[in-house]
Amino acid sequence: MKIVVCVKQVPDSWAEKKLNPKDNTLDRDAVDAVVNELDEFAVEEALQIQERLGGPDAATITVLTVGPEKALESLRKGLQMGADDGVHIVDEAMHGSDAISTSLVLAKAIERLNPDLVLMGSESTDARMSVVPAMVAERTGRPQLTFAAKVELDGSPEGSPEGSTVRIQRMTDYGYDVVEASLPAIVSVVEKINEPRYPSFKGIMAAKKKPVETLTLADIGVEAATVGLGGSWSAVEDFAARPPRAAGTIVTDEGDGGIKLAEFLATQKFI
């Protein structure tokens, strides 16, 4: 079985994010970059599936990332955790790509790799859209199983991925739904699915020798005009810095504190 895990490099979730006034895109150099937290759960789930199937001889794991040269750091994190190899799509023309353009690049890369199972985090911490897994599934014609809190695989009688079934417990507001589909398929996972492992020293050293293929848009058959700021369907037209926090209003209770509080809440349209 061939498994591909998509990972994304994002700005540190706890840092103050800024937009670049030159083109109104996220200034990724203004803060530290980290691997998208939810993608680590996807890598961990791939590793657990590989272990259940019998190890690297039974299943291989490829980590796929799209982004600038710096994004290689996040790809390396997946290799350090235990993935077998990596693919890095890097091209300056992708700068400013929205979710639709990004899904196109991922879909073309996935079609080139032709995996049996694709795992993704349910969303990225810098966008919080949760739409890319569905978009990639639509572009590749594969069934999508989203917001998985548990993933199970049923093998075919011949032991081949062909004809195998993937079954998930899909998180909902009322509990979970059981959803299943035939492979090849695309699955997005939530943070409750597992606990990502920390890379061991052995894993960190081994990752340095694992192969990473670097590809451009031309290599995967994507025209530069269909991605980036020019090819995206959405863009930030204008923005303004958040105003400084104003001092609070102090209500002194002189026997009429309740009335003053009610008047204040009314002026703020809270009541």
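Just so it is clear, the structure is predicted and the values come from calculations on it, not from any experiment.

**A short note on the overall build of the chain**
A count of helical and extended segments in the chain gives seven helices and 13 strands. Structurally, the chain occupies a C-alpha span of about 80 × 45 × 40 Å along its principal axes. Counting across all 271 residues of the chain, residues that qualify as buried make up 40%. Taking contacts inside the chain between residues at least 6 apart in sequence as the whole, the part at least 24 apart equals 70%. Per element, the accessible surface of the chain, about 15300 Å² overall, is 52% carbon and sulfur.

**Describing the nonpolar core**
Judged by nonpolar contacts, the single largest core of 33 residues is most densely connected at Ile-3, Val-5, Leu-119, Val-151, Val-166 and Val-187. Those elements that provide at least two residues to this core are β1 (2–7), α1 (37–53), β6 (60–66), α2 (72–81), β8 (117–121), β9 (144–154), β10 (165–172) and β12 (185–189). Ranked by the residues each element gives to this core, the list is headed by α1, at seven residues. Among all residues touching Val-187, those that are not within four sequence positions of it are Leu-117, Val-118, Leu-119, Met-120, Leu-145, Ala-148, Val-151, Val-166 and Ile-168. Within the second largest apolar cluster, 24 residues are counted, among which are Val-66, Val-105, Leu-106 and Ile-220.

**Description of the sheet that holds β12**
Spatial strand order, β11-β10-β9-β12-β8-β1-β6-β7-β13: nine strands in an open sheet with mixed pairing. Strands with a single pairing partner mark the edges of an open sheet, and in this sheet they are β11 (175–182) and β13 (212–215). Recorded for the sheet is a direction-independent mean angle of 30° between the axes of neighbouring strands. For β1 and β8, the ladder comprises three bridges, and the chain directions are parallel.

**Structural notes on the packing of α1 against α2**
Where α1 meets α2, the axes come as close as 10 Å, and the angle between the chain directions of the two elements is 30°. It follows that α1 is roughly parallel to α2 by the angle criterion. Crossing angle aside, the handedness with which α1 passes α2 is right-handed. Residues Glu-40, Val-43, Glu-44 and Leu-47 of α1 touch α2, and the partners they reach there are Lys-77, Gly-78 and Met-81. Among the residues making up the contact of α1 with α2, the classes are represented as three nonpolar, one polar and three charged.

**Structural notes on the packing of helix α3 (residues 99–113) against helix α4 (residues 132–140)**
Close contact between α3 and α4 brings their axes to 9 Å; oriented N to C, the two are set at 50°. Accordingly, the angle class assigned to the pair α3 and α4 is oblique. α3 and α4 meet at a crossing whose hand is right-handed. Seen from α3, the contacting residues are Ala-99, Ile-100, Ser-103, Leu-104, Leu-106, Ala-107, Ile-110 and Glu-111; seen from α4, they are Val-132, Met-135, Val-136, Arg-139 and Thr-140.

**A short note on the environment of Val-131**
The residue Val-131 is located in the loop between β8 and α4 in this model. Residue Val-131 is classed as partly exposed on the basis of its relative accessible area, which comes to 26%. Once the C-alpha coordinates of Val-131 and Thr-214 are considered, the two residues, 83 residues apart in sequence, prove to be 25 Å apart.

What counts, and at which threshold
Residues numbered from 1 in each chain as written. Predicted model: local features only at pLDDT ≥ 70, side-chain atom pairs only at ≥ 80, totals over all residues. Heavy atoms only, no water. Helix = DSSP H or I, 4+ residues; strand = E, 2+ residues; numbered from the N terminus. Buried < 20%, exposed > 50% of the residue type's maximum accessible area, 1.4 Å probe, protein only. Contact = heavy atoms within 4.5 Å. Areas by Shrake-Rupley, 256 points an atom, 1.4 Å probe, with all protein chains shown as cover. Core = buried A, V, L, I, M, F, W, Y, C linked by side-chain atoms within 4.5 Å. Pairing = 2+ DSSP bridges. Axes fitted to C-alpha atoms, helices over the stretch in contact; angles between N-to-C directions. Parallel < 35°, antiparallel > 145°, perpendicular 65-115°, else oblique. Left-handed = near helix turned anticlockwise from the far one by under 90°. Nonpolar A, V, L, I, M, F, W, Y, C, P; charged D, E, K, R; others polar.

Shape descriptors only; they carry no functional weight alone.
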